[in-house]
Amino acid sequence: MEPIFTLDLFPKINKKLIDLLKSLSIDDWERQTLAPDWKVKDVAAHLLDGNIRSLSMLRDNYFGVQPLKSNSYQDVVEYLNKLNSDWVIVMKRVSPTMLIDLLESSGKAYIEFLHTLDPFATAKFSVGWAGEKESLNWFHIAREYTEKWHHQQQIRFAVGQEEALYTKEYYFPYLDTSMRALPHHYKSIKGKHNEAIEFSIVGADTFNWYLQSNGESWQLKMEVEDEPICVVKINSRIAWRIFTKGISKTEALNYIEIQGNHVLGTKILDMITVMA
């Protein structure tokens, strides 16, 4: 699998966010999102936190709240959940207009910083949901793109304006990055040599990925020669919700089709590509 380069998309998706937020009514800001505890304004505040926290830690090397000594996945998730919750609570006193202003200014600074990173140098933080203990900057940046994409889509979903991010330009990089979690997610299942699973995200555009076993582990590929033993077809409008805990497994089953080994196919419904 080739590296995913998403830097050129950040200014575009950031502008779409700002334009969207400027178009919202007072009632829109209070609409419930797919994140159970967050309204539209809370998700926008979380996006601001992503800019400011990243600049503070990665650019300025300042950690106001020290990271945990434990690197266990669950401890990191709990640590991040607490940071996220604290920020959203404080930001409730900030007006939507001020929030937009801060997102505009911090977004530009954040993008400028990302351009200073060597894409093939080791990232400060690994992509934990992909099972990596150490990641390169290109993957860290792509992970950050998925954060910007799915949180903006949560807002868009709440206000009925999600079509803008379903285009191939914006959606494929989100999906391609998320699918990098597949080998880690399937590591507990042993496959026979050259057995493959096909994953298709089906919509206006259809995108395919494959997991192929070497008998010991799974490798992610864009194509395979042998006939897959399992084919999973997922409605494109549901895929991102599966990967971000935005839909239950029971409901998601109504939007997927599995051909072949159902145990292998349904495994993807438990895959989460956020630290949650």
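What you see is a predicted model, and the numbers here were worked out from it, not measured in a lab.

**Here we look at the overall build of the protein chain**
Counting its secondary structure elements, the protein chain contains 11 helices and five strands. Reported as C-alpha extents along the three principal axes, the dimensions of the protein chain are approximately 55 × 40 × 30 Å. Here the protein chain holds 276 residues, and 49% of them are scored as buried. Put simply, of all contacts in the protein chain between residues at least 6 apart along the chain, 68% involve residues at least 24 apart. When the accessible surface of the protein chain is split by element, carbon and sulfur atoms take 51% of a total near 13600 Å². Taken as two groups, the 31 positive and 36 negative side-chain charges of the protein chain have centres that lie 4 Å from each other.

**Digging into the pairing of strand β3 (residues 218-221)**
Alternating residues of β3 divide into W218 and L220, all buried, and Q219 and K221, none buried. The pairing of strand β2 (residues 206-213) with β3 spans four bridges and is classified as antiparallel. Across the sheet, the residue bridging to Q212 is Q219, located in β3. Two successive antiparallel strands, β2 and β3, enclose a turn made up of four residues, where G215 displays a positive phi of approximately 95°.

**Focus on the environment of Q74**
Relative to the elements of secondary structure, Q74 occurs in helix α4 (residues 73-90). As for Q74 and M275, which are separated by 201 residues in sequence, their C-alpha atoms are 9.0 Å apart.

**Points about the pattern of salt bridges**
A complete count under the given rule lists 12 salt bridges for this structure. For K15, the salt bridge is made with D19, and the minimal N-O distance between the two is 2.7 Å. Within this pair, K15 and its partner D19 are both found in helix α1 (residues 9-23), separated by four residues, close to a single helical turn. When its relative accessible area of 40% is taken as the criterion, D19 is described as partly exposed. Linking R53 and D49 is a salt bridge whose minimum nitrogen-to-oxygen distance equals 2.4 Å. Remark: D49 and R53 occur in helix α3 (residues 40-59); sequence separation between them is four residues, near one turn of the helix.

**Points about α4**
Over its 18 residues, α4 extends 26 Å from the first C-alpha to the last, a length consistent with the 26 Å expected when each residue adds 1.5 Å. Considered for burial, the residues of α4 that qualify are V77, Y79, L83, N84 and V88. Along the long axis of α4, the arc covered by the buried residues comes to 165°, so they all point the same way. Turned more than 90 degrees off the buried face of α4, the exposed positions are K82 and I89.

**What to know about a nonpolar patch on the surface**
A grouping of F5, F120 and L136 is seen on the molecular surface, where their side chains present a nonpolar patch of about 310 Å² in accessible area. Positionally, L136 belongs in the loop between α5 (96-114) and α6 (137-159).

**Details of the sheet that holds strand β5 (residues 256-260)**
With mixed pairing, five strands are arranged side by side in an open sheet as β3-β2-β1-β4-β5. Since the sheet does not close on itself, it has two edges, and those belong to β3 and β5, each with one partner. Direction aside, neighbouring strands of the sheet carry axes that sit 15° apart on average. Along the sheet, helix α7 (residues 168-178) makes contact with β1 (196-202) and β2, crossing β2 at roughly 15°. Most of the contacts of helix α9 (residues 236-243) go to strand β4 (residues 230-235), to which it runs at about 100°, and overall it touches β1 and β4.

**Considerations on the packing of α6 against α7**
Closest axis-to-axis distance for the α6/α7 pair is 9 Å, and the angle between their directions is 125°. Taken together, α6 and α7 sit at an angle that is classed as oblique. Handedness of the crossing formed by α6 with α7: left-handed. Seen from α6, the contacting residues are F139, A142, R143, Y145, T146, W149 and H150; seen from α7, they are E169, Y170, Y171, P173, Y174, T177 and S178. Here the contact of α6 with α7 is built from residues that sort into eight nonpolar, four polar and two charged.

**Topic: the side chain of T273**
Checked against the element boundaries, T273 lands in the segment after α11 (262-266). We classify T273 as buried; its relative accessible area is 2%. Contact partners of T273, with chain neighbours within four places excluded, come to W129, Y174, S178, A181 and F243.

Rules behind the numbers
Residues numbered from 1 in each chain as written. Predicted model: local features only at pLDDT ≥ 70, side-chain atom pairs only at ≥ 80, totals over all residues. Heavy atoms only, no water. Helix = DSSP H or I, 4+ residues; strand = E, 2+ residues; numbered from the N terminus. Buried < 20%, exposed > 50% of the residue type's maximum accessible area, 1.4 Å probe, protein only. Contact = heavy atoms within 4.5 Å. Areas by Shrake-Rupley, 256 points an atom, 1.4 Å probe, with all protein chains shown as cover. Lys, Arg positive; Asp, Glu negative; His and termini not counted. Charge placed at Lys NZ, Arg CZ, Asp CG, Glu CD. Pairing = 2+ DSSP bridges. Salt bridge = Lys/Arg side-chain N within 4 Å of Asp/Glu carboxyl O. Expected span 1.5 Å × (residues − 1). Arc of directions from axis to C-beta. Patch = residues over 30% accessible without salt bridge, like charges linked within 9 Å, V, L, I, M, F, W, Y side chains within 5 Å. Axes fitted to C-alpha atoms, helices over the stretch in contact; angles between N-to-C directions. Parallel < 35°, antiparallel > 145°, perpendicular 65-115°, else oblique. Left-handed = near helix turned anticlockwise from the far one by under 90°. Nonpolar A, V, L, I, M, F, W, Y, C, P; charged D, E, K, R; others polar.

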